[in-house]
Amino acid sequence: MTIKIGVIGTGAIGADHTRRITQTLVGAEVIALTDVNADSAHKVKSDLGLNAEVYADGHELIANSGVDAVLVTCWGPAHEEFVVAAIKAGKYVFCEKPLATTAAGCRNIVEAEMAVGKKLVQVGFMRPYDSGYKLLKEAIDAGEIGAPLMIHAAHRNPTVPEQYITPMAIHDTLIHELDVFRWLLDDDYVSAQVVFPRKSKHAHDQVADPQIVMLETKKGIRIDVEIFVNCQYGYDIQCSVVGEEGITNLPEPQALTLRKNAQLGQSILTDWKDRFIAAYDVELQDFIDGVATQNLTGPNSWSGLAAAVSADACVKAQESGLIEPIEMPETPEFYR
């Protein structure tokens, strides 16, 4: 069975997903494209030699009876509209993060999906598909370090553009940690606090950088995450889980060790796509396989809602300087 996919949004992410489905992954083909910039959709079709139709908008694409599943990779504020439309049409949908730009929008998606009575949505959180995070998860679940007590983590980018502002450190950057830590620990957050160290001279006027986010979970686990988006030296993701009987660290990406000119060193990645490219492939293949078997197993709508609620509390903590509660309702049986 070949899954027929329609792509809503053919910018960088949408074009890259389309290319991987066409050239790397198995079991699916892209037969429909749309973008607010029609030229972009036509270019992707031409560049990849697709036998696909270009539609005027996402709703027309979703209405195509030949489309089995939809990829929503357009700009964030349009996600809710198209995800809900796909759900109501009974079609599977892969939505890049954020699921919606507000927690209320995520709730609307959750309610639409529960009303249909079938899990149709996978959210584009790729870290649970990364081999390093999988090793962490296996070690924690096997009890190799005892009960987790703390997590020390860092999310560092070499630079960010002028339009990147302080709240984006949460909504665009920390959002990945907010999702993956819930998955690693099988736990929800109860509070958040954000503190600001001395500002880097490389940070522009509209962003406070670096930041430290401190989270507490229902089980009492304490998490601190350094967000440093102008670190200059590379793209660097760190995670150390401290347990009652040991510590386990996220493995470093594989890199060549070079001895030269009286120095010993390794290169450091500078692009997030290089760091997680394999995880993106596994993630999309899992979605395709899930559609084929009518059983999605990846991050779902509730994961998107949990991340949005937690992110909103973190932004509030940025603004207030206080420890802010994270009021996440109990996970419905539907999503367990």
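Let us look at the structure shown here.

Calculation criteria
Residues numbered from 1 in each chain as written. Predicted model: local features only at pLDDT ≥ 70, side-chain atom pairs only at ≥ 80, totals over all residues. Heavy atoms only, no water. Helix = DSSP H or I, 4+ residues; strand = E, 2+ residues; numbered from the N terminus. Expected span 1.5 Å × (residues − 1). Buried < 20%, exposed > 50% of the residue type's maximum accessible area, 1.4 Å probe, protein only. Arc of directions from axis to C-beta. Contact = heavy atoms within 4.5 Å. Pairing = 2+ DSSP bridges. Disulfide = S-S within 2.5 Å. Axes fitted to C-alpha atoms, helices over the stretch in contact; angles between N-to-C directions.

Bringing helix H1 (residues 12-23) into the picture now. For H1, spanning 12 residues, the distance from its first C-alpha to its last is 16 Å, which sits close to the expected 16 Å at 1.5 Å a residue. Buried within H1 are the following residues: Gly 14, His 17, Thr 18, Arg 20 and Ile 21. Along the long axis of H1, the arc covered by the buried residues comes to 165 degrees, so they all point the same way. Exposed positions of H1 whose direction lies more than 90 degrees from the buried face are Ala 12 and Gln 23. Next to the buried residues of H1 lie strand S1 (3-8), strand S2 (28-34), helix H2 (38-48), strand S4 (69-72), strand S5 (92-95) and helix H8 (272-293).

Moving on to the sheet that holds strand S3 (residues 53-54). Taken together, the 6 strands give an open sheet; going across it, the order is S3-S2-S1-S4-S5-S6, and neighbouring strands pair in parallel fashion. Taken across any chain shown, the strands that pair with only one partner, and hence form the sheet edges, are S3 and strand S6 (121-123). When S4 meets S5, the two strands line up parallel, connected through 4 bridges. The residue bridging Leu 71 from the neighbouring strand is Phe 94, located in S5.

Right, let's get into the state of the cysteines. Across all of its chains, the model carries 0 disulfides by this definition. Among the cysteines around Cys 239, which has no disulfide bond, Cys 314 carries the closest sulfur, lying 16 Å off.

This brings us to the sheet that holds strand S11 (residues 236-243). The strand order S12-S11-S7-S10-S9-S8-S15 describes an open sheet built from 7 strands, whose pairing is mixed. What marks the edges here is a single partner per strand, and that holds for strand S12 (247-249) and strand S15 (324-325). For strand S8 (residues 189-195) and S15, the ladder comprises 2 bridges, and the chain directions are antiparallel. Pairing of Ser 191 across the sheet is with Pro 325, part of S15. Sitting on the sheet, helix H6 (residues 131-141) touches strand S7 (148-156), S11 and S12, and the angle it makes with S11 is about 5 degrees.

Read these as layout, nothing more, since geometry by itself doesn't imply function.
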